[in-house]
Amino acid sequence: MNTSKDIGAAIAAATAAKRPAIVAFMTAGFPKRADFIATLNRIGSAADVIEIGVPFTDPMADGMTIQRASEAALHEGVTLTWILSELTAAPVKPAAPLLLMSYLNPLLRFGFERLPAAARAAGVSGFIVPDLPREEAAEFDAALKAEGLALVQMVTPVTPRDRLEALCRPAGGFVYAVTMTGTTGKVVDVPDEVLTYLDAVRAASGAPVCAGFGIRNRAQVERLAPHVDGVIVGSALVEVLERGEDPAAFLRGLHL
Amino acid sequence: MSLTIDAASAADLLAREIRGEFPDERGRFGPFGGRYVPETLIPALDRLEQGIHRWLKDPEYQADLARELNTWVGRPTPLSYAPTLSARWGAEIWMKREDLAHTGAHKINSAIGQALLAKRLGAKRVVAETGAGQHGVASAAACARLGLPVTVYMGAVDIERQAPNVGRMKLMGATVKPVTSGDQTLRAAVDEALRDWVSDPSGTYYLLGSAIGPHPYPYLVRELQAIIGRESRVQMMAQAGGLPHAVFACVGGGSNAIGLFHPFIGDRDVAIRGVEAGGRGPGLGDNSATLVSGTPGVLQGAYSLLLQDAHGQIQETHSVSAGLDYPGVGPEHAFLKTVGRVDYESIGDDEALAALEELACAEGILSAIETAHAFAAAKSYAKAHPRSRILIGLSGRGDKDMPTLARTLLKGKL
């Protein structure tokens, strides 16, 4: 059965192959609702972990690309209930562990008492909730733990050192190290201070560390590789889907 | 996060509110409030909280704020008696005149207070959101006064219907950025201001306009707006000879309402009524009556009541007034409703416009359309409670609404 441990194992397998793990983000049901499982499997053929985005009307941590995908998916009628039932019913699913990335309100509405079991039955190993800081997370974290599922912790370059340590210590699955202040999807180079920050995150964390926000090309992955266990590719992959190109080919281009 | 509150706990929670125990150390008013934001903003909110703790009661800050309020904003604002409405409605009608505050609405109270705080926190620039444009204008004015650059996010729909305010902001040096994502009104403007703030949480101060958002904003905005209620209490005693039987204010996010209500919450004999936008009717998407028909959830940083569908997606709203056109509401209002201290009701577009016209002709005051919602509700209350003494928060003036009024009340008359 899928649990939090699968995430660590998938990242460890990439580490054993001497490359950073690829954590791929896709908005569920984007660009076409009917292609959800097919797209998921295609991405699964070239990713170590998959983040499935639950669309939300007010994605305040996301840049234009993911806002656009989220809006399109909502327009297609994608809901958390639909995502879970599609995943549960899918005859073939990727070997890569699945995470749901969702803002809190759709999860609250679904109900913390029902969600972890439903997610586990759908093959989901954990959650990323960008508007749920640690101080507010106890109830959801406990509900997930009861099913063996992970709540991935985000940390950022502006997180003070003592808080960084407190956040990383109990982290489940992996630590999501945001590489910059800002929303997702901006093009950034990787300045030296980001590498120093990632080293600090790694030193504080028992769990693997994956870097995300603004990762778009192989050069960035090469520069980050010695400092992280994996990289998270979101907006760039959504744009590949938007253009109708092959997501697996794009992701394989990021394998070192 | 269960909301079933029995009578005994409601009484206990209200007693704690009256003792000033909310927000608590977790930023909550009973179950409501909190801090649901991306991790990037947590240090900024911590700094803001420490800044409030350090400065808000500081004598020098207080002196600066009092000076600006008295000599630049024009406080205290008057309490006006409404002789014609009183005679017509069969009650005693008093109006707290926030429309006479500098820039034309209560928003300036919080804008100047927060801008003074931003300076002390070393902010390099300010961002703000605006719906009706009143908070944008107030922020532009306060930032111009203190020499802070400000960027105001405003939904494209609101830019069109509140055009006069856009020009005012620009004349005072603000950068106005149209928001074309989401619903293109206040909610989308808050989302965009948050995205801006996330990009530079250390150098930017987010000057949030309503009593919404993550802790400590609902507290900060309430503290800066409570001057409305404090002045009103003193003025009612002096001019009317006693406290009102009922207090009315319109509620969008709820900043003028919480400012007026808060000093009266301990006066158990004073009925308090918040008035939301009933829009075109009770259907989902036809109004902005969050407290009347919303359900609990998290939007833009706080756990409160919201207008959402069965899947937790936020609903589009409608109101003829841009300032009330918002699917969430400040957490303290959700609290006051839940413990039963404040009653919330809604008034439709047409009724609000009729009240605006009646106030204009009767008392020579052109109010904001937002404000007119409170007058419409007060009128019904007056009819049901003859000879009662009623205080209405006249939160803002209506000049900004001329484009909307030209399309509605003045259609065919211009």
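Residues numbered from 1 in each chain as written. Chains lettered and ligands numbered in written order. Predicted model: local features only at pLDDT ≥ 70, side-chain atom pairs only at ≥ 80, totals over all residues.

On to the interface of chain A and chain B, then. Listed per partner, the contact involves 31 residues of chain A and 29 residues of chain B. Sorting the residues of the side of chain A that touches chain B by element identifies helix H3 (64-75), helix H4 (80-89), helix H5 (104-110) and strand S5 (150-155) of chain A as the ones contributing at least two each. Ranked by the residues each element gives to the side of chain A that touches chain B, the list is headed by H5(A), at five residues. Residue classes in the side of chain A that touches chain B are distributed as 16 nonpolar, 10 polar and five charged. (Contact = placed C-beta atoms within 7 Å. Helix = DSSP H or I, 4+ residues; strand = E, 2+ residues; numbered from the N terminus. Nonpolar A, V, L, I, M, F, W, Y, C, P; charged D, E, K, R; others polar.)

What follows concerns helix H6 (residues 134-146) of chain B. Residue and element names in this part refer to chain B. Across its 13 residues, H6 extends 18 Å between first and last C-alpha, which sits within 8% of the 18 Å expected from 1.5 Å per residue. A large share of H6 lies buried, amounting to 10 of its 13 residues. Within the sequence span of H6, burial applies to Gln134, His135, Gly136, Val137, Ala138, Ser139, Ala140, Ala141, Ala142 and Cys143. Where H6 is buried, its residues contact helix H5 (107-120), strand S5 (125-130), strand S6 (150-155) and helix H8 (163-171). Gly147, located one to two residues past H6, shows a positive phi value of around 70°. (Expected span 1.5 Å × (residues − 1). Buried ≥ 20, exposed ≤ 12 C-beta atoms within 10 Å, placed from the backbone.)

The next subject is unusual backbone geometry. All names here are of chain A. Between Phe30 and the following residue, Pro31, the backbone shows a cis peptide bond with an omega angle of 0°. For Pro31, the position within the fold is in the loop between strand S1 (21-27) and helix H2 (36-44). For Lys18, which is not glycine, the phi torsion reads 60° and is therefore positive. Positionally, Lys18 belongs in the loop between helix H1 (4-16) and S1.

Let us look at the packing of helix H8 (residues 161-168) of chain A against helix H9 (residues 192-204) of chain A. Residue and element names in this part refer to chain A. At a closest axis distance of 9 Å, the pairing of H8 and H9 adopts a crossing angle of 45°. The orientation of H8 relative to H9 falls into the category oblique. Both H8 and H9 take part in a crossing whose hand is right-handed. Across the interface between the two elements, Leu164, Glu165 and Cys168 of H8 pack against Ala200, Val201 and Ala204 of H9. Partitioning the contact of H8 with H9 into residue classes produces five nonpolar, no polar and one charged. (Axes fitted to C-alpha atoms, helices over the stretch in contact; angles between N-to-C directions. Parallel < 35°, antiparallel > 145°, perpendicular 65-115°, else oblique. Left-handed = near helix turned anticlockwise from the far one by under 90°.)

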